[in-house]
Amino acid sequence: MGLIPSKQKFRKHQRRRLKGRASRGNTLHYGEFGLQSEECVYLTTNQIESARKAMTHFFKRGGKIWLRVCADKVVTARAAETRMGGGKGAPVKFVVPIKRGHIIFEIAGVSLEDAQQAFALASYKLPMATRLVVKQ
């Protein structure tokens, strides 16, 4: 599917601050409708894939869906009940940092009502508030 990068420059990433509005990826480029984030959150590959599958299942091979995010940030974790020291934990999963206003999915070739229903199904799978945007 390609939700995670095939190659990385570094094995482990620093967390950085996750707040503010998205300066990139906040306008529609491909489709007529988009699912826009209204909160700052880390999305995992499982959450993205389950939302995508929900929309694809709803359309039954109709319409076109674009995924506008790629989970390229590594999250690490230490083993449970481990003492302090010993370095950073092992990589556990990949996430994508999403800021407010970022477009996550885009859809084309469907009606507004179908897009609303599909994005509602997808937003149930995502851990944040989202809204529908329409191309002018």
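The protein appears in an unreviewed UniProt entry as 50S ribosomal protein L16 from candidate division WOR-1 bacterium RIFOXYC12_FULL_54_18. The Subunit (unreviewed entry) field of the UniProt record for the protein holds the comment "Part of the 50S ribosomal subunit." Quoted verbatim from the Sequence similarities (unreviewed entry) field of UniProt, the annotation for the protein is "Belongs to the universal ribosomal protein uL16 family."

K.L.:
What is the right way to look at the sheet that holds strand S7 (residues 130–134) in this model?
P.N.:
Strands belonging to one sheet form pairs held by backbone hydrogen bonds; the direction of such a pair is parallel or antiparallel. Pairing in this open sheet of four strands is antiparallel, and the strands run S3-S6-S1-S7 from one edge to the other. The open sheet has two free edges, formed respectively by strand S3 (64–67) and S7, since each of these has just one partner strand. Averaged over all adjacent pairs, the angle separating strand axes in this sheet is 20°, with direction ignored. One ladder, built from five bridges, connects strand S1 (residues 33–37) with S7; its direction is antiparallel.

K.L.:
I tried to follow the pattern of salt bridges on my own but got confused; where do I start?
P.N.:
Oppositely charged side chains can pair when the atoms bearing their charge come close. Counted by the stated rule, this structure contains three salt bridges. The salt bridge involving Arg-131 is made with Glu-38; its shortest N-O contact spans 3.7 Å. Linking Arg-131 in strand S7 with Glu-38 in the loop between S1 and strand S2 (41–44), this pair joins segments that are 93 residues apart in sequence. Measuring nitrogen to oxygen at the nearest pair gives 2.2 Å for the salt bridge that ties Arg-68 to Glu-106. With Arg-68 in the loop between S3 and strand S4 (73–77) and Glu-106 in strand S6 (residues 103–108), this residue pair connects regions lying 38 residues apart in the sequence. Assigned by exposure class, Arg-68 and Glu-106 land together as buried.

Conventions adopted
- Residues numbered from 1 in each chain as written.
- Predicted model: local features only at pLDDT ≥ 70, side-chain atom pairs only at ≥ 80, totals over all residues.
- Heavy atoms only, no water.
- UniProt positions renumbered as here; feature names shortened; annotations may be inferred.
- Pairing = 2+ DSSP bridges.
- Helix = DSSP H or I, 4+ residues; strand = E, 2+ residues; numbered from the N terminus.
- Axes fitted to C-alpha atoms, helices over the stretch in contact; angles between N-to-C directions.
- Salt bridge = Lys/Arg side-chain N within 4 Å of Asp/Glu carboxyl O.
- Buried < 20%, exposed > 50% of the residue type's maximum accessible area, 1.4 Å probe, protein only.

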